[in-house]
Amino acid sequence: MPTQRILNYEDIDFELPYAVIQQPPYLLSGIGLAIGVLCGLTFAKLIENRLEAWKQDRLPLLPLGNAETSIAFAGTLVGITLFIGGALQVFGFAAGAALLVSMLLSLLTGGALWVQLERLMQQVEEGRFKAVDFDNFDQFF
C-alpha cells in the first residue's frame, strides 16, 4: 500500500512567477508622434522648395522619389506607425498585432498620398493644375 505524503508548504521553497505588469506604451506613442511630425514637416518643406525651384527656374518636379524626399517620407511613415501602434497598445492590443495593423494603415495611406502627390506634381508641370476637391475620392485612386 502506497504511503501518502503530506506536503507542508512551509518546508517547500518555491517562488511564484511574478506577473510583469507593463505600463501602456505612452512613450512609444510620444516618440512616434515626434518622429512623424518632424519628418512630415521636413517632407513638406522639401516639396515646397521643389515647387519654388520649379516656379523660378523651371526645374523638373518629377521624379518625386529622390533620396531626400524618400527618407523624409519614410520617416513620417515610421513615426506614424509607432504612434498608431502605441495608441492601439494603450487600448489593449497585443504589441505585435498593434504594430502590424498600424504598419498596414500607414503604408496604405502613405502609398495613396504618394500617388496623389505625384499626380498633382505632374498636373503642375503640364500646366493643367486645377483646384483639388478632397470630397471626391475618385481622383485619389
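Scroll up to find the structure this text is about.
This section reports on the structure supplied with the text. (Residues numbered from 1 in each chain as written. Predicted model: local features only at pLDDT ≥ 70, side-chain atom pairs only at ≥ 80, totals over all residues. Heavy atoms only, no water.)

**Digging into the layout of surface pockets**
A volume near 210 Å³ is recorded for the largest pocket. Lining the largest pocket are 14 residues, with F73, T76, L77, G110 and L113 sitting closest to its centre. Every element with two or more residues in the lining of the largest pocket is listed here: α1 (26-57), α2 (67-90) and α3 (95-126). Taken together, the residues that form the lining of the largest pocket break down as 10 nonpolar, four polar and no charged. (1 Å grid on protein atoms, 1.4 Å probe; cavity = no way out; pocket = protein on both sides within 12 Å on 5 of 7 lines; lining within 4 Å. Points joined across faces, edges and corners; volume = space filled by probe spheres on them. Helix = DSSP H or I, 4+ residues; strand = E, 2+ residues; numbered from the N terminus. Nonpolar A, V, L, I, M, F, W, Y, C, P; charged D, E, K, R; others polar.)

**Examining the packing of α2 against α3**
The N-to-C vectors of α2 and α3 enclose an angle of 140°; their axes lie 8 Å apart at closest approach. Taken as a pair, α2 and α3 cross one another with a handedness that is right-handed. For the pair α2 and α3, the contacting residues are T69, S70, F73, L77, I80, T81, I84, G85, L88 and Q89 in the first and A95, A98, L99, V101, S102, M103, L105, S106, L107, G110, L113 and W114 in the second. Within the contact of α2 with α3, the residues separate by chemical class into 14 nonpolar, eight polar and no charged. (Axes fitted to C-alpha atoms, helices over the stretch in contact; angles between N-to-C directions. Left-handed = near helix turned anticlockwise from the far one by under 90°. Contact = heavy atoms within 4.5 Å.)

**Brief notes about the packing of α1 against α2**
It is the contact of α1 with α2, at a shortest axis distance of 7 Å, that shows an interaxial angle of 155°. Relative to α2, α1 is oriented roughly antiparallel. Judged by the twist between their axes, the crossing of α1 over α2 is left-handed. Residue composition of the contact of α1 with α2, grouped by class: 15 nonpolar, 11 polar and one charged. (Parallel < 35°, antiparallel > 145°, perpendicular 65-115°, else oblique.)

**Quick notes on the pattern of salt bridges**
Under the definition given, this model contains two salt bridges. Notably, a salt bridge pairs E48 with K45, separated by 3.6 Å at the nearest N-O pair. Taken as a pair, E48 and K45 lie in helix α1 at a separation of three residues, close to a single helical turn. Exposure remark for K45: the relative accessible area of 43% places this residue in the partly exposed category. Of the charged contacts in the structure, one is a salt bridge between E52 and K55, with a shortest N-O distance of 3.4 Å. In this pair, E52 and K55 both sit in helix α1, three residues apart, roughly one turn of the helix. (Salt bridge = Lys/Arg side-chain N within 4 Å of Asp/Glu carboxyl O. Buried < 20%, exposed > 50% of the residue type's maximum accessible area, 1.4 Å probe, protein only.)

**Things to note about α2**
Look at α2: 34 Å from first C-alpha to last across 24 residues, which is about the 34 Å you get at 1.5 Å a residue. Every buried residue of α2 is listed here: T69, A72, F73, G75, T76, L77, G79, T81, G85, G86, L88 and Q89. On the buried face of α2, the contacting elements are α1 and α3. Once α2 finishes, G92 follows within two positions and takes phi at roughly 105°, a positive value. (Expected span 1.5 Å × (residues − 1).)

**Side note on the nonpolar core**
Counting residues in hydrophobic clusters, the biggest one holds 12 residues: F43, I47, W54, L61, L64, A72, F73, L77, W114, L117, M121 and V124. Looking at this core, the elements with two or more residues in it are α1, α2 and α3. In terms of residue count, the dominant contributor to this core is α3 (four residues). In contact with L61, other than residues within four places in its own chain, are R50, L51, W54, M121, V124 and E125. (Core = buried A, V, L, I, M, F, W, Y, C linked by side-chain atoms within 4.5 Å.)

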